[in-house]
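Chain by chain, the residues run as shown.
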Amino acid sequence: MMCYSGLCDFEAGGCNAGDCTAPREFEERYGVSPCMVGSGYMEPDEVRWAEEHADEIEKAREAYREDRRKKRDEVRRCG
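About the criteria used
- Residues numbered from 1 in each chain as written.
- Predicted model: local features only at pLDDT ≥ 70, side-chain atom pairs only at ≥ 80, totals over all residues.
- Heavy atoms only, no water.
- Salt bridge = Lys/Arg side-chain N within 4 Å of Asp/Glu carboxyl O.
- Helix = DSSP H or I, 4+ residues; strand = E, 2+ residues; numbered from the N terminus.
- Buried < 20%, exposed > 50% of the residue type's maximum accessible area, 1.4 Å probe, protein only.
- Polar contact = N/O pair within 3.5 Å; in protein donor to acceptor, adjacent residues only side chain to side chain.
- Contact = heavy atoms within 4.5 Å.
- Core = buried A, V, L, I, M, F, W, Y, C linked by side-chain atoms within 4.5 Å.

Draft legend 1. Examining the pattern of salt bridges more closely. This model, assessed by the stated rule, comprises seven salt bridges. A salt bridge links Glu58 to Arg61; the nearest nitrogen and oxygen atoms lie 3.1 Å apart. Highlighted residues: Glu58 and Arg61, both in helix H4 (residues 54-78), separated by three residues, approximately one helical turn. A relative accessible area of 17% places Arg61 in the buried class. For the salt bridge of Glu62 with Arg69, the shortest nitrogen-to-oxygen distance reads 3.4 Å.

Structure, rendered in structure tokens:
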């Protein structure tokens with residue numbers, strides 16, 4: 001997935017600018033597009049959808065953070 005919004009939390013920078021850093025299975029796992037969770041929406045319909053589904057977006061955001069915390073803890077135990 002590519003993104004050039006400059007707004008999304010998952011958008012890579014530098015020489016990888018525009019690349020999406022969200023895991024490929026993000027939407028299937030968390031039930032919401034990584035673009036919505038990363039605040040990369042710009043179109044009026046996307047903004048409206050994000051406002052109407054703010055609770056879902058926040059739950060997905062927190063689940064993703066928790067998964068990242070668990071992975072970091074696993075790496076610390078192994079390393």
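Draft legend 2. Fine view of the side chain of Arg61. A polar contact of 3.1 Å, which involves the side chain of Arg61, links it to the side chain of Glu58. Those residues within four positions of Arg61 in sequence are excluded, and the remaining contacts are Met36, Val37 and Ser39.

Draft legend 3. Looking closely at unusual backbone geometry. In this structure, Ser39 is a non-glycine residue whose phi angle is positive, near 65 degrees. Tracing the sequence through the fold places Ser39 in the loop between helix H2 (34-37) and helix H3 (44-52). The partly exposed category is assigned to Ser39, whose relative accessible area is 27%.

Draft legend 4. Examining the environment of Arg69 more closely. Following the sequence through the fold, Arg69 ends up in helix H4. For Arg69, a relative accessible area of 33% puts it in the partly exposed group. Counting along the chain gives 15 residues from Arg69 to Ala54, while the straight-line C-alpha distance between them is 22 Å. Within polar-contact distance, the side chain of Arg69 engages the side chain of Glu66 at 2.7 Å.

Draft legend 5. Structural view of the nonpolar core. Within the largest apolar cluster, 13 residues are counted, with the highest numbers of intra-cluster contacts made by Phe10, Phe26, Val32, Val37 and Ile57. Within the residue set of this core, elements represented by two or more residues are helix H1 (26-30), H2 and H4. Excluding its chain neighbours within four sequence positions, the residues that come into contact with Phe10 are Asp19, Cys20, Thr21, Ala22, Phe26, Pro34, Val37, Gly38 and Tyr64.

This is a description of form; function is not addressed.
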